[in-house]
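# Observations on the model geometry
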Amino acid sequence: MRVAPFGLLLDVDGPIASPIERRIAIDSIVRDLLTLAAAGIPIAFITGRSDAFMREQVVAPLVAGGLDAGAHVFGVFEKGGCWAPVTPQGLGTLEIDRAVAVPDAVRAAVEGLARERYADTMFVDEAKHVMISLEARTDVEPAVYQQAQRRFDAEVDALLVSLAVGPGFRRDSTIISTDVESVLLDKDRGAARALDWFAARGVTAERWWSAGDSRSDYRMADEVHRRGIPVAHLDVRPGDGMLDRPYDVVVEGDLIHDAAGAVFLRRRVAELA
């Protein structure tokens, strides 16, 4: 088994992609990811985003930059509902866990509500396979979106009750989206998927870093810690409240989002030297 000095479990929106521009906006992030991958560092992107978003906004820049053929890069999408390897040719074969998919009746009701009453502030992510995601329009001010989101979320909660979907599904809202998803989906499930994928290929790390912008992202490090492997977590939006954990939780000074992520990756590249 090949043991790398460290491995990376990375949320996408926040530490890698700008939550404002919805893309990788800092060029050094791509360069440093490519350098780390070429050095044999296992890298997993663990996100609530769809495989389509990842293919276009993350995988394409890595492929264009010359992703090393020997790299160990993996993607987990929809919080563990879908996954695929990342190769020099692009995203590999997508696998989907249909057992955790939102029922069709719930999808029709929630997406219909968004299209009929909230299309001026949000849009339906048509690429999701197992989740429902309503995302903020980029031409709408955050304060305007968040006001509409509060009303929308209340209506979604009422719909979930009226449709009697039970405790198996939940609404989860972020600063740029509202999701309806299985309670089985979360970042710890995604991290487990990634760690198992690496292990099946004879790849592991002496320790791991996770990085994210929401409280649920700590679950990536929770899963590593649960397995008895050293881990630390980078919080790129600590203003929401840093969680007390039995492993190190760090920030990059006053930097947040992808600015913090870029500095973090620079540090990891420097660590290789």
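The coordinates are above.
Since this is a predicted model, take the numbers as computed values, not measurements.

Helix and strand counts for the chain stand at seven helices and 15 strands. Counting only C-alpha atoms, the chain reaches 55 × 40 × 40 Å along its principal axes. A burial count over the chain gives 52% of its 273 residues as buried. Across the chain, contacts joining residues at least 24 apart in sequence account for 66% of those joining residues at least 6 apart. Put simply, the chain shows about 11500 Å² of open surface, and 52% of that area lies on carbon and sulfur atoms. When the 31 positive and 42 negative side-chain charges of the chain are each reduced to one mean point, those points stand 2 Å apart.

Inspection of the secondary structure assignment puts arginine 207 in the loop between strand 12 (203-205) and strand 13 (208-212). Residue classification places arginine 207 among the partly exposed residues on the basis of a relative accessible area of 28%. Setting aside residues no more than four positions away along its own chain, arginine 207 makes contact with Pro5, Phe6, Gly7, Ile229, Pro230 and Glu271.

Bringing the pairing of strand 5 (residues 82-87) into the picture now. Across five bridges, strand 4 (residues 73-77) lies against strand 5 in antiparallel orientation. Bridge assignment links valine 73 to a residue of strand 5, and that residue is valine 86. Between strand 4 and strand 5, which pair antiparallel in sequence order, lie four residues; one of them, glutamate 78, sits at a positive phi of approximately 50°. Where strand 5 meets strand 7 (residues 95-96), two bridges bridge the pair, whose relative direction is antiparallel. Looking across to strand 7, one finds that tryptophan 83 is bridged to glutamate 95. Counting the residues between successive antiparallel strands, the hairpin from strand 5 to strand 6 (residues 90-91) contains two residues.

Time to look at the environment of lysine 79. With respect to the secondary-structure elements, lysine 79 resides in the loop between strand 4 and strand 5. Measuring from C-alpha to C-alpha, the distance between lysine 79 and threonine 121 comes to 24 Å, with 42 residues separating the pair along the chain. The contacts of lysine 79, once residues within four sequence positions are left out, are Thr47, Gly48, Met131, Asp172, Asp179, Glu181, Leu185, Asp186, Lys187, Arg189 and Gly190. Reaching out from lysine 79, the side chain makes a polar contact with the side chain of glutamate 181 at a distance of 3.0 Å.

Two side chains carrying opposite charge are able to pair once their charged atoms lie near each other. Within the structure shown, the criterion is met by 33 salt bridges. Here arginine 115 makes a salt bridge to glutamate 111, at a shortest N to O gap of 3.8 Å. Of this pair, arginine 115 and glutamate 111 both sit in helix 3 (residues 104-117), four residues apart, which is roughly one turn of that helix. Taking the relative accessible area as the measure of exposure, glutamate 111 reaches 8% and is therefore buried. The residue aspartate 196 makes a salt bridge to arginine 227 at a minimum N-O spacing of 2.9 Å. Here the residue aspartate 196 occupies a position in helix 5 (residues 187-200), and arginine 227 occupies one in the loop between helix 6 (218-226) and strand 14 (231-235), the gap between them amounting to 31 residues. Salt bridges sharing common partners tie together Lys79, Arg170, Asp172, Asp179, Glu181, Asp186, Asp188 and Arg219.

Moving on, we get to the pairing of strand 10 (residues 169-173). With five bridges connecting them, strand 10 and strand 11 (residues 177-182) associate as antiparallel partners. Its bridge partner being in strand 11, phenylalanine 169 is matched across the sheet by serine 182. Linking strand 10 back to strand 11 in an antiparallel pair, the connection comprises three residues.

The strand order across the open sheet formed by four strands is 8-9-11-10, and the pairing between neighbours is antiparallel. Among the strands making up the open sheet, the edge pair consists of strand 8 (122-124) and strand 10. This sheet shows a mean twist of 20° between the axes of neighbouring strands, independent of strand direction. Sheet strands touched by helix 3: strand 8, strand 9 (132-136) and strand 11. Its angle to strand 9, the strand with the most contacts, is close to 15°. Sheet strands touched by helix 4 (residues 142-162): strand 8, strand 9, strand 10 and strand 11. Its angle to strand 11, the strand with the most contacts, is close to 25°.

Calculation rules
- Residues numbered from 1 in each chain as written.
- Predicted model: local features only at pLDDT ≥ 70, side-chain atom pairs only at ≥ 80, totals over all residues.
- Heavy atoms only, no water.
- Helix = DSSP H or I, 4+ residues; strand = E, 2+ residues; numbered from the N terminus.
- Buried < 20%, exposed > 50% of the residue type's maximum accessible area, 1.4 Å probe, protein only.
- Contact = heavy atoms within 4.5 Å.
- Areas by Shrake-Rupley, 256 points an atom, 1.4 Å probe, with all protein chains shown as cover.
- Lys, Arg positive; Asp, Glu negative; His and termini not counted.
- Charge placed at Lys NZ, Arg CZ, Asp CG, Glu CD.
- Pairing = 2+ DSSP bridges.
- Polar contact = N/O pair within 3.5 Å; in protein donor to acceptor, adjacent residues only side chain to side chain.
- Salt bridge = Lys/Arg side-chain N within 4 Å of Asp/Glu carboxyl O.
- Axes fitted to C-alpha atoms, helices over the stretch in contact; angles between N-to-C directions.

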